[in-house]
Amino acid sequence: MSAIPTVTLNDGTWFPELGLGTYNLRGEEGIAAMTAAIDSGYRLLDTAVNYENEREVGEAVRRSGAGRDALRVTSKIPGRHHGRTEAVDSIKGSLDALGLDRIDLQLIHWPNPSVGKYVDTWRGMIDAREQGLVRSIGVSNFTEAMITELIEETGVVPVVNQVELHPYFPQGALRSFHAMHGIRTESWSPLARRSELLTEQLLTELATVYEVTPTQIVLRWHTQLGSTPIPKSADPDRQRENADVFGFRLTDEQVDAISALERGRLWDGDPLTHEEM
Ligand SMILES: NC(=O)C1=CN([C@@H]2O[C@H](COP(=O)(O)OP(=O)(O)OC[C@H]3O[C@@H](n4cnc5c(N)ncnc54)[C@H](OP(=O)(O)O)[C@@H]3O)[C@@H](O)[C@H]2O)C=CC1
Ligand SMILES: O=C(O)C(=O)[C@@H](O)[C@H](O)C(=O)CO
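Not measured: the values here are computed from a predicted model.

A. Spotlight on the site of ligand 2. Every residue near ligand 2 is listed here: Tyr23, Tyr51, His109, Trp110, Arg193, Trp267 and Glu276. Tyr23 places a polar side-chain atom, nitrogen or oxygen, 3.5 Å from an oxygen atom of ligand 2. Contact distances for ligand 2 include 2.8 Å between an oxygen atom and a side-chain N or O atom of Arg193. A total of 330 Å² of accessible area belongs to ligand 2 in isolation, and the protein chains cover 75% of it. Mapping ligand 2 onto the cavity grids shows that it belongs to the largest pocket.

Structure follows, in structure tokens:
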């Protein structure tokens, strides 16, 4: 497997074109899964306070042979920690749990619009960046209007917006908005949580053409859209399969055909109405 390529974010830092989701990877088994991923070439680990596995992520970073500076660790501020000072305290809590002295990319996990504190939370993230607690700051599950509000209120553009994105929900309009502002798109549930997506005829046919798996076709589609997918797998073989997607290239027509599988969100994760604390 060749190395996972990187891109440069709008604050000048590097960011992998593909990473590892860690939702539900916990305990010794979780640490072993994450360490295996790093040892096979993953350089981006995606966690959150609400995954209750920051300790395991930090342990995997320490146990792996990659070295801290070769890795990018993302964490996320939960809804119950929204607010300017609360955000800084939340990040300090994450650093304690991770056992690390900085977080590479900090995100606001969900905007929780009815609470009305995401702009204050963003100000706290800017404070944390100035204090050197985090290197880069971004958001997750933010709409175009919410990001515009952050930029107008603070002048600081998020480096990343991590959103639901897979062939059933390709997020065309939001991706265009990100591109206009130099925001990197990051895809959560990039495999649609292994739903019936992976047996779609188009994907199995393309897999035959390129002599890869349907999963690899989907992940290559993400990277060609200019989004960083973070597939979760606990299994080292599937982790290697998921990261080994840079040795072939889909045509533009094939990318468009996969995007045409669009049918909607996996569950009711609309950030205008879905809120998580
Ligand atoms: N910001 C947000 O609000 C959200 C962020 N996320 C992040 O995104 C990450 C990924 O999303 P997630 O919801 O986990 O879903 P994914 O789309 O990554 O799917 C994960 C599922 O696919 C299976 N799988 C992985 N690789 C393969 C393969 N090659 N062949 C067959 N099955 C495979 C996994 O099983 P197995 O482990 O057995 O391989 C698991 O059941 C999360 O872990 C989390 O970090 C997720 C949801 C919301
Ligand atoms: O995985 C995440 O980051 C989430 O936000 C999850 O809680 C997600 O919302 C979910 O799995 C809900 O079923």
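B. Main features of the packing of helix H1 (residues 27-39) against helix H2 (residues 54-63). Direction vectors running N to C along H1 and H2 enclose 45°, while the axes themselves pass 8 Å from each other. Taken together, the axes of H1 and H2 lie oblique to each other. In the crossing of H1 with H2, the sense of the turn from one axis to the other is right-handed. Contacts between H1 and H2 involve Gly27, Glu28, Ile31, Met34, Thr35 and Ile38 from the former and Arg55, Glu56, Val57, Glu59, Ala60, Val61 and Arg63 from the latter. Tallied by class, residues from the contact of H1 with H2 come to six nonpolar, two polar and five charged.

Calculation notes
Residues numbered from 1 in each chain as written. Chains lettered and ligands numbered in written order. Predicted model: local features only at pLDDT ≥ 70, side-chain atom pairs only at ≥ 80, totals over all residues. Heavy atoms only, no water. Near = heavy atom within 4 Å. Polar contact = N/O pair within 3.5 Å; in protein donor to acceptor, adjacent residues only side chain to side chain. Areas by Shrake-Rupley, 256 points an atom, 1.4 Å probe, with all protein chains shown as cover. 1 Å grid on protein atoms, 1.4 Å probe; cavity = no way out; pocket = protein on both sides within 12 Å on 5 of 7 lines; lining within 4 Å. Sits in = over half its atoms within 2 Å of the grid points. Axes fitted to C-alpha atoms, helices over the stretch in contact; angles between N-to-C directions. Helix = DSSP H or I, 4+ residues; strand = E, 2+ residues; numbered from the N terminus. Parallel < 35°, antiparallel > 145°, perpendicular 65-115°, else oblique. Left-handed = near helix turned anticlockwise from the far one by under 90°. Contact = heavy atoms within 4.5 Å. Nonpolar A, V, L, I, M, F, W, Y, C, P; charged D, E, K, R; others polar.

The values reported here are purely geometric and, on their own, carry no functional implication.
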